[in-house]
Amino acid sequence: MPAGSSFHSMWRELLPIGRHPDSRGYRRFAWTGADAECRAWFKEQAEARGLAYEVDRNGNQWAWLGDPGAGDAVVTGSHLDSVPDGGAFDGPLGVVSSFAALDELRGRGVEFSKPLAIVNFGDEEGARFGLACVGSRLTAGQLTVEKAHKLTDGDGISLPRAMEAAGYDPDAIGADPDRLGRIGAFVELHVEQGRALALSDSGSAAGSGDRIGIASAIWPHGRWRFDFRGEANHAGTTRLVDRRDPMLSYAETVLAARREAELAGAVATFGKITVEPNGVNAIPSLVRGWLDSRAEDQERLDAVVGGIENAAREYAAAHGIELDVVRESFTPVVEFDHALRDELARILGKDTDITVPVLGTGAGHDAGILSGSIPTAMLFVRNPTGVSHSPAEFAAEDDCVAGVLALADVLEGLACR
Ligand code: GLV
Ligand code: MN
Ligand code: MN
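Residues numbered from 1 in each chain as written. Chains lettered and ligands numbered in written order. Predicted model: local features only at pLDDT ≥ 70, side-chain atom pairs only at ≥ 80, totals over all residues. Heavy atoms only, no water.

Looking only at helices and strands, the protein chain features 13 helices and 15 strands. In terms of C-alpha radius of gyration, the protein chain reaches 23 Å, essentially the compact-globule figure of 22 Å for 417 residues. Dimensions of the protein chain, computed from C-alpha atoms along their principal axes, come out at roughly 80 × 45 × 40 Å. When burial is assessed residue by residue, the protein chain has 53% of its 417 residues classed as buried. Considering only residue pairs separated by 6 or more positions, the protein chain has 77% of its internal contacts joining residues 24 or more positions apart. Of the roughly 17400 Å² of accessible surface on the protein chain, 51% is carried by carbon and sulfur atoms. (Helix = DSSP H or I, 4+ residues; strand = E, 2+ residues; numbered from the N terminus. Rg over C-alpha atoms; globule rule 2.2 N^0.38 Å. Buried < 20%, exposed > 50% of the residue type's maximum accessible area, 1.4 Å probe, protein only. Contact = heavy atoms within 4.5 Å. Areas by Shrake-Rupley, 256 points an atom, 1.4 Å probe, with all protein chains shown as cover.)

The next thing to look at is the domain arrangement of the protein chain. You can read the domains of the protein chain as domain 1 (3-219 + 333-415) and domain 2 (221-331). Just the C-alpha atoms count here: the centres of domain 1 and domain 2 sit 33 Å apart. Interface area, domain 1 with domain 2, both sides summed: about 990 Å², of which 45% is carbon and sulfur. Linking domain 1 with domain 2 are 0 salt bridges, by the criterion used here. There are 5 residue pairs in polar contact (both at pLDDT 80 or more) connecting domain 1 and domain 2. Across the side of domain 1 that touches domain 2, the residue classes break down as 7 nonpolar, 4 polar and 2 charged. (Domains from an automatic or database assignment. Buried area = accessible area lost by both parts, 1.4 Å probe. Salt bridge = Lys/Arg side-chain N within 4 Å of Asp/Glu carboxyl O. Polar contact = N/O pair within 3.5 Å; in protein donor to acceptor, adjacent residues only side chain to side chain. Nonpolar A, V, L, I, M, F, W, Y, C, P; charged D, E, K, R; others polar.)

So, on to the coordination of the manganese ion (ligand 3). The manganese ion (ligand 3) binds to the protein through His 79 (NE2), Asp 90 (OD) and His 190 (NE2), with metal-donor distances spanning 2.0 to 2.2 Å. The distance between the manganese ion (ligand 3) and the manganese ion (ligand 2) comes to 3.6 Å, with Asp 90 serving as a donor to both metals. Here His 79, found in strand S3 (residues 73-79), pairs with His 190, found in strand S5 (residues 183-191); they are 111 residues apart in sequence, far enough to count as distant. For His 79, a relative accessible area of 0% gives the class buried. (Donors = N, O, S within 2.8 Å, 3.2 Å for Na, K, Ca; no water.)

What follows covers the packing of aromatic side chains. All chains considered together, the criterion is met by 14 aromatic pairs. Between Phe 226 and Phe 228, the aromatic rings sit 6.3 Å apart at their centres with planes inclined by 25 degrees, giving stacked as the arrangement. An identical accessibility class is assigned to Phe 226 and Phe 228; each is buried. Among the aromatic residues, ring-to-ring pairing joins Phe 7, Trp 11, Phe 89 and Phe 394 into one connected group. For the cation-ring pair, Arg 179 lies above Trp 62, with the distance from its terminal atom to the ring centre recorded as 4.9 Å. (Phe/Tyr/Trp six-rings, centres within 6.5 Å; stacked < 30°, edge-to-face > 60°. Lys NZ or Arg CZ within 6 Å of the ring centre and 35° of its normal.)

The end-to-end C-alpha separation of helix H10 (residues 298-318) is 30 Å, in line with the 30 Å expected for 21 residues at 1.5 Å each. Among the residues making up H10, those that are buried are Leu 301, Val 304, Val 305, Gly 307, Ile 308, Ala 311, Ala 312, Tyr 315 and Ala 316. Down the axis of H10, the buried set is contained in an arc of 165 degrees. They therefore lie on one face. Along H10, exposed side chains directed more than 90 degrees from the buried face belong to Glu 299, Asn 310, Glu 314, Ala 317 and Ala 318. Those residues of H10 hidden inside the fold are in contact with strand S7 (221-229), helix H9 (246-264), strand S9 (267-276), strand S11 (286-294) and strand S12 (322-331). Put simply, Asp 297 is the residue that caps the front of H10, since its side-chain oxygen is 3.2 Å from the backbone nitrogen of Glu 299. (Expected span 1.5 Å × (residues − 1). Arc of directions from axis to C-beta.)

On to the side chain of Arg 39. If you trace the backbone, Arg 39 turns up in helix H2 (residues 33-48). Of the residues examined, Arg 39 reaches a relative accessible area of 4% and is grouped as buried. There is a polar contact of 2.8 Å between the side chain of Arg 39 and the backbone oxygen of Gly 59. Reaching out from Arg 39, the side chain makes a polar contact with the side chain of Tyr 168 at a distance of 3.3 Å. Excluding residues that lie within four positions of it along the chain, Arg 39 makes contacts with Trp 31, Gly 59, Gln 61, Asn 120, Gly 122 and Tyr 168.

It is worth spelling out the coordination of the manganese ion (ligand 2) at this point. Every protein donor of the manganese ion (ligand 2) is accounted for by Asp 90 (OD), Glu 125 (OE), Glu 125 (OE) and His 389 (NE2), and the metal-donor separations fall at 2.0 to 2.7 Å. One chain supplies every donor to the manganese ion (ligand 2), and in sequence these donors are spaced D-x34-E-x263-H.

Once that is clear, we can look at the site of ligand 1. The environment of ligand 1 is made up of Glu 125, Arg 294, Ala 363, Gly 364 and His 389. Taking Gly 364, its main chain carries an N or O atom lying 2.7 Å from an oxygen atom of ligand 1. His 389 is positioned with one of its side-chain polar atoms (N or O) 3.1 Å from an oxygen atom of ligand 1. If ligand 1 stood free it would expose 200 Å²; the protein chains cover 94% of that surface. For the shell around ligand 1, a count of residues per class yields 1 nonpolar, 2 polar and 2 charged. (Near = heavy atom within 4 Å.)

Summed over the entire model, instances satisfying the criterion amount to 27 salt bridges. Residues Asp 242 and Arg 239 are paired through a salt bridge, measuring 3.0 Å at the closest nitrogen-oxygen approach. Relative accessible area serves as the criterion here: at 42%, Asp 242 is assigned to the partly exposed category. Glu 343 serves as the salt-bridge partner of Arg 346, at 3.3 Å between the closest nitrogen and oxygen. Taken together, the positions of Arg 346 and Glu 343, both in helix H11 (residues 338-349) and 3 residues apart, correspond to about one turn of that helix. The exposure class assigned to Arg 346 is partly exposed, which follows from its relative accessible area of 47%.

What the 4 strands build is an open sheet, ordered S9-S11-S7-S12; its pairing is antiparallel. Each edge of the open sheet is held by one strand with a lone partner, namely S9 and S12. In this sheet, adjacent strand axes meet at a mean angle of 15 degrees when their direction is disregarded. Pairing of S7 with S12 involves 9 bridges; the strand directions are antiparallel. Across the sheet, residue Arg 223 finds its bridge partner in S12, namely Ser 329. Packed on one face of the sheet, H9 meets S7, S9 and S11 and runs near 170 degrees to S9. (Pairing = 2+ DSSP bridges. Axes fitted to C-alpha atoms, helices over the stretch in contact; angles between N-to-C directions.)

The structure is reproduced here in structure tokens:
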């Protein structure tokens, strides 16, 4: 089947899964019904192609061509879960393109000299349990079993209970160095989450920007939980001077985050908040806000987060509020493997005079987590608006097919030599 039609038929099958009828965004959260449907789809794709299907100890799904035990495997894939009301492309584009690239290579009649695998990493977005890349972090030993077992969702359901309810064994989870030791290279294709490709033009046939890019690095990033505790009271009868209202310090902290990020040329976002008791006519007793902050280097990130925390402490003190700040996750800067990156550039630039753009990103990925254990690389597909983590996320069909062909070329170059 040509790359285009194989891509389209898979894309159409996946599109309705986990899509909310009102927002039109995706709610494919780890270990939920929508996640199970995505997983069933992955298994079907593997079996339809005669690939050996397996689920590892951390719930990541694998589809193997060739002997998984032979070593030096070339692995590609991404994730199928989403952020709340996410777009269709972040994650699924990489998984669908992986199967389509394999179809393309089979159409070309290539012979593989190394095992090839397609992977779907579980819980990449961390939308349900608050920690991103749980599947790859566990596998790489960057998340301990003890910590994973303590993760809970917004309804108080723990990760082990959620896994169990979905039919997986939470006692089996943990580092998987043997599995990683059998992988020679991991390449993740992903929709670009910015407009660097749309704005660049290195002479590609598309004319208006470049369709495909190669990742250089991922900014260091993390998530911090700010708990502002005050005193619940009546919204109508409590004089302003008598209040200990944590919403005020929270609001001032949000503004400080914007200011500090601007000063450092970084980004800082409070995108999630819970309020107790959450009543219109009650002064809150607790405001809990989650800060996501990212910067080009560690020094700037430290300056931004330190500045926000200092400001929050001042505001809290001024309003008689208790403040706790907890770092819930952190990923240091990732420099993708230079040799693999150059190899991708060579493969994609071969037979043309085009230099494929190489770009950094502020978004986190499983490839970034695995880069501490094995050589990893990423391909980006042009996103004309740059919008991501939103139902408006988009990539043109032609660009997606160009992504499949680029990934096929890369896999052929890496696994057929
Ligand atoms: C994942 O998409 C992240 O960057 O938060
Ligand atoms: Mn994402
Ligand atoms: Mn992603």
